[in-house]
Every structure is written in C-alpha cells, then in structure tokens.
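Survey of secondary and tertiary structure
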Amino acid sequence: MARVGIVMGSDSDMPVMAKAAEILDRLGIDYEMRIISAHREPDTFFEYAKSAEERGYKVIIAGAGKAAHLPGMCAALFPMPVIGIPMKTSDLGGVDSLYSIVQMPSGIPVATVAINGGANAGLLAAKILATSDPELLVRLKEYSRELAVQVEEKDAKLQEVGYKEY
C-alpha cells in the first residue's frame, strides 16, 4: 500500500516530481504517482484527495505551477501533511507558484519546498514518515552520512588539485 501520494497537474512537471520519486525509491518508500488537474478535472481531483486517507496515504506531495492550486486543495481535503512543490514558470520564474502554495489561509497549511525542489519534497515526506518508522529513520541517517562523505571527497579533491584544476 502506498504511503505517499505524488500528484502533479501536468506531465510538464514530471522532471521535478521524478526527483521526489527517486528519493522515495532510494529510501524504500511506496508511493503512487498521478497526473490530475484540479482545474480541468475537478471531480477526479476531489475523488483523489478525499480518498487518499482510506487508500493509506500518510503524506501527499503535490507539484504545481502558475496559479498552483493543487497543493492547497489537497490540504483542504486531505487531513494529513501535504508538501507543495512550486514549479519554475517561464512567465514569472516560479515566484507565482511559490506564492500560490506558501500563502495558504489559516487552518490549511502546506509545507512548501523550494521552486523545483522535488528531491527535498521526497526527503521531507520521508522525515515525516520516519517519526513513526525506526527502520526508515536509520535509512535516512545513512543517506545523510552519504551526502557528508560526498562533500568530504569533493573537498579532498580541491585540496589535492587546487581550484584552477578542479
């Protein structure tokens, strides 16, 4: 049973949403990914968001661009955490999406990551789930250690060859 729902309004969001899925895959977290437009197919969207809890979701990651209503509407209908990913847009660079997601009314929170922040959305979902999953917490700690090792290796290379050769 999927513990995380990943939903986007358009397939143009797929490259960013895939980053969330890659993190979940790496950490062994089941998810379901869907393309559902809150504006173009509201009945389908309402059914998705209203039934997410009974389908076993603990977190929804919702990506959207421009008016970016998908994450907020998920939060209005789904009683557990929603993580919004604002998409970079050609018109306003994603600031429009960011404001649409982060400026939610009182009582309807959406955790919001950076513009195009798919990987961080996946990590935040994993951290939420890890509060009640000790094995997942161990995997998250190992992932963090791997990131630290990568930085240490890059610094060692810089120290060895200098910035001009790096």
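Residues numbered from 1 in each chain as written. Predicted model: local features only at pLDDT ≥ 70, side-chain atom pairs only at ≥ 80, totals over all residues. Heavy atoms only, no water.

This part is about the environment of Glu53. Tracing the backbone through its elements, the reader meets Glu53 in the loop between helix H2 (42-51) and strand S3 (59-64). Counting along the chain gives 24 residues from Glu53 to Leu77, while the straight-line C-alpha distance between them is 9.8 Å. If we ignore the near neighbours within four places in the chain, the residues touching Glu53 are Phe78, Pro79 and Met80. (Helix = DSSP H or I, 4+ residues; strand = E, 2+ residues; numbered from the N terminus. Contact = heavy atoms within 4.5 Å.)

Now for the packing of aromatic side chains. For the coordinates displayed, the defined rule picks out 2 aromatic pairs. Between Phe45 and Phe46, the ring centres sit 5.8 Å apart and the planes meet at 90°, which makes this aromatic pair edge-to-face. You can call Phe45 buried: its relative accessible area is 1%. For Phe46, a relative accessible area of 34% corresponds to the partly exposed category. Taken together, a centroid distance of 6.0 Å and an interplanar angle of 65° make the contact between Tyr48 and Tyr57 edge-to-face. By relative accessible area, Tyr48 is classed as buried at 3%. (Phe/Tyr/Trp six-rings, centres within 6.5 Å; stacked < 30°, edge-to-face > 60°. Buried < 20%, exposed > 50% of the residue type's maximum accessible area, 1.4 Å probe, protein only.)

Take unusual backbone geometry next. Note: most residues except glycine have negative phi, and most peptide bonds are trans. Positioned with a positive phi, Lys66 is a non-glycine residue whose angle comes to about 55°. Assessed through its relative accessible area of 44%, Lys66 is described here as partly exposed. Despite not being glycine, Asn116 shows a phi value in the positive range, around 60°. Mapped onto the fold, Asn116 is located in the loop between strand S5 (111-112) and helix H5 (118-130).

Right, let's talk about the pattern of salt bridges for a bit. Taken as a whole and assessed by the stated rule, the structure comprises 5 salt bridges. Of the charged contacts, one joins Lys66 and Asp91 as a salt bridge, the two residues approaching to 2.9 Å between their closest N and O atoms. One end of the pair, Lys66, is in the loop between S3 and helix H3 (70-77); the other, Asp91, is in the loop between strand S4 (82-86) and helix H4 (95-102), with 25 residues separating them in the sequence. Its relative accessible area of 51% is what places Asp91 among the exposed residues. Between Glu152 and Arg145 there is a salt bridge; the shortest N-O distance is 3.5 Å. Judged by relative accessible area, which is 43%, Glu152 ranks as partly exposed. (Salt bridge = Lys/Arg side-chain N within 4 Å of Asp/Glu carboxyl O.)

On to the nonpolar core. Across soluble globular proteins, nonpolar side chains show a tendency to be buried alongside one another. Ranked by internal contacts, the top residues of the largest apolar core, which has 26 residues, are Val4, Ile6, Leu27, Ile29, Ile61 and Ile85. Looking at this core, the elements with two or more residues in it are strand S1 (4-8), helix H1 (14-27), S3, S4, H5 and helix H6 (134-161). Residue contributions to this core peak at 7 residues, all from H1. Leave out the neighbours within four places in its chain, and Ile29 touches Arg3, Val4, Leu24, Ala126, Leu129 and Leu136. The next biggest cluster of nonpolar side chains, apart from the first, holds 20 residues, and it includes Ala38, Ile60, Leu70 and Ala75. (Core = buried A, V, L, I, M, F, W, Y, C linked by side-chain atoms within 4.5 Å.)

The 5 strands lie next to each other as S2-S1-S3-S4-S5, forming an open sheet whose pairing is parallel. Single-partner strands in this sheet number two, and they are strand S2 (31-35) and S5. In this sheet, S3 lies alongside S1 in parallel orientation, the contact comprising 5 bridges. Note that in S3 the partner of Val7 across the bridge is Ala62. Strands S1, S2 and S3 of the sheet are contacted by H2, whose axis makes an angle of about 160° with S1. (Pairing = 2+ DSSP bridges. Axes fitted to C-alpha atoms, helices over the stretch in contact; angles between N-to-C directions.)

These figures capture arrangement, not role.
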